[in-house]
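Working through the structure, step by step
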Amino acid sequence: MILPYDDTYFMKRALQEAEMAFEKGEVPIGAVVVIQDRIIARAHNLTEQLNDVTAHAEMQAITAAANFLGGKYLKGCTLYVTLEPCQMCAGALFWSQVSKVVFAAPDPQRGCSAMGTKLHPKTKIIGGILENEAAELLKRFFIQKRNLN
């Protein structure tokens, strides 16, 4: 019997992407885009590697999903991301018309809700899925970064 995947399953895949970012010295944020229980895009932060402030996990995932689907809109898709999207990513998610955003850890200083940025009116947003795991990875990264400097 095959059980349907749930938010925890897909968030674990996003956390795997965040771990990849961590190993590369990037802020450990990962994302996956899912449609009909199928991952169509995987991404993690690449801002250091690409020397590009816009190379956030969400931006990379949006582009990969749009390429997979052959169009710019992500209707019917869910983005799973390990940290609440920032204002820039929320804007891109708004324009992509993604149907649902699921994030792990909130970002009380730079997250879209703290900045007052709105997603598309039809986009559902859920927070707190594997929040502790995502927050712990971020803490480890910044402790390690402070100790290296």
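Residues numbered from 1 in each chain as written. Predicted model: local features only at pLDDT ≥ 70, side-chain atom pairs only at ≥ 80, totals over all residues. Heavy atoms only, no water.

Under the annotation held in an unreviewed UniProt entry, the chain carries the name tRNA-specific adenosine deaminase and is attributed to Aggregatimonas sangjinii. Database annotation for the chain, UniProt heading Catalytic activity (unreviewed entry): "adenosine(34) in tRNA + H2O + H(+) = inosine(34) in tRNA + NH4(+)". Note on the chain: under the UniProt heading Sequence similarities (unreviewed entry), the record states "Belongs to the cytidine and deoxycytidylate deaminase family. ADAT2 subfamily." (UniProt positions renumbered as here; feature names shortened; annotations may be inferred.)

Running from N to C, helix α1 (residues 7-23) and helix α6 (residues 131-148) point in directions that differ by 5°, and their axes come no closer than 11 Å. What the angle tells us is that α1 and α6 run roughly parallel. Residue-level contacts link Leu15, Ala18, Glu19 and Phe22 of α1 to Glu133, Ala134, Leu137, Arg140, Phe141 and Gln144 of α6. Considered class by class, the residues forming the contact of α1 with α6 number six nonpolar, one polar and three charged. (Axes fitted to C-alpha atoms, helices over the stretch in contact; angles between N-to-C directions. Helix = DSSP H or I, 4+ residues; strand = E, 2+ residues; numbered from the N terminus. Parallel < 35°, antiparallel > 145°, perpendicular 65-115°, else oblique. Contact = heavy atoms within 4.5 Å. Nonpolar A, V, L, I, M, F, W, Y, C, P; charged D, E, K, R; others polar.)

Further remarks concern the packing of aromatic side chains. For the structure on display, the rule yields seven aromatic pairs. For the pair Tyr9 and Phe10, a centre-to-centre distance of 5.1 Å together with 85° between the ring planes defines the contact as edge-to-face. Exposure remark for Tyr9: the relative accessible area of 31% places this residue in the partly exposed category. Taking the relative accessible area as the measure of exposure, Phe10 reaches 2% and is therefore buried. Following the ring pairs from residue to residue traces out a cluster consisting of Tyr5, Tyr9, Phe10 and Tyr80. Residue placement shows Lys75 over the ring face of Tyr73; its charged tip is 5.6 Å from the ring centre. Between Arg140 and the ring centre of Phe22, over which it is positioned, the NZ or CZ distance is 5.1 Å. (Phe/Tyr/Trp six-rings, centres within 6.5 Å; stacked < 30°, edge-to-face > 60°. Buried < 20%, exposed > 50% of the residue type's maximum accessible area, 1.4 Å probe, protein only. Lys NZ or Arg CZ within 6 Å of the ring centre and 35° of its normal.)

The next point concerns the packing of helix α3 (residues 57-69) against helix α4 (residues 87-96). At a minimum axis separation of 9 Å, α3 and α4 run at an interaxial angle of 20°. The orientation of α3 relative to α4 falls into the category roughly parallel. Of the two elements, α3 crosses α4, and the hand of that crossing is left-handed. On α4, the residues that touch Glu58, Met59 and Ile62 of α3 are Met88, Cys89, Ala92, Leu93 and Ser96. Along the lines of polarity and charge, the residues of the contact of α3 with α4 split into six nonpolar, one polar and one charged. (Left-handed = near helix turned anticlockwise from the far one by under 90°.)

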